[in-house]
Amino acid sequence: MIISDLVRLEDFIASAKKGLKIGVTVDLQKQYVSQKIHTGNTEELKREVNMYLLLGIFAFKIGSEERKISKVYLFGSAEESAKDARINTNIANARLQEDYKRLAAANISVEEKLF
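Residues numbered from 1 in each chain as written. Predicted model: local features only at pLDDT ≥ 70, side-chain atom pairs only at ≥ 80, totals over all residues. Heavy atoms only, no water.

Draft legend 1. Quick look at the overall build of the chain. Counting its regular elements, the chain contains two helices and three strands. Walking the chain from its N terminus toward its C terminus, one meets helices and strands in the order α-β-β-β-α. For a compact globule of 115 residues, the expected C-alpha radius of gyration is about 13 Å, and the chain comes in at 18 Å, more than 25% above that figure. When its C-alpha atoms are laid out on the principal axes, the chain stretches across 55 × 30 × 20 Å. When the 115 residues of the chain are sorted by exposure, 31% land in the buried category. Across the chain, contacts joining residues at least 24 apart in sequence account for 54% of those joining residues at least 6 apart. With an accessible surface of roughly 7,500 Å², the chain has 49% of that area assigned to carbon and sulfur atoms. (Helix = DSSP H or I, 4+ residues; strand = E, 2+ residues; numbered from the N terminus. Rg over C-alpha atoms; globule rule 2.2 N^0.38 Å. Buried < 20%, exposed > 50% of the residue type's maximum accessible area, 1.4 Å probe, protein only. Contact = heavy atoms within 4.5 Å. Areas by Shrake-Rupley, 256 points an atom, 1.4 Å probe, with all protein chains shown as cover.)

What follows is the structure in structure tokens.
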């Protein structure tokens, strides 16, 4: 098995289900991004939308090799209300917990962290 061939969370889960011993750690991040959008049909009418991404950075280890992959669990507006931010965080945590369950079912143990 070449670790560079594994590019998605699903690839690691499938390999673990086939008996491969895989270790993993996760780092959760909130990254802010700005996206330029067209508000009309002309180039002069551009504006920026400030957003954020809730990311899980998974560091998988097979033997002495390590591969990091990231997964976006949610994107939201940087200008959303505190209530909407809490709702979005809960949604991202629910999605992340589903992946933790999938990893556990494949015998990949991970210290569970939440956003």
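Still more ground to cover, so stick around.
Draft legend 2. Main features of helix 1 (residues 9–17). Residues of helix 1 that are buried include every one of Leu-9, Asp-11, Phe-12, Ile-13, Ser-15 and Ala-16, and no others. Positive phi appears at Gly-19, one or two residues downstream of helix 1, with a value of about 105 degrees.

Draft legend 3. Representation of the packing of aromatic side chains. Scanning the model with the defined rule gives four aromatic pairs in all. Summarising the aromatic geometry, the rings of Phe-12 and Phe-60 are spaced 3.8 Å apart at their centres and angled 5 degrees between planes, so their arrangement reads as stacked. With Phe-12 in helix 1 and Phe-60 in strand 2 (residues 46–62), the pair connects residues that are 48 residues apart, well separated along the chain. For the residue pair Phe-12 and Phe-60, the accessibility class agrees, reading buried in each case. An angle of 55 degrees between the planes, with centres 6.2 Å apart, marks the rings of Tyr-73 and Phe-115 as tilted. Pair noted here: Tyr-73 is in strand 3 (residues 65–77) and Phe-115 is in the segment after helix 2 (82–105), with a separation of 42 residues, a long-range link. (Phe/Tyr/Trp six-rings, centres within 6.5 Å; stacked < 30°, edge-to-face > 60°.)

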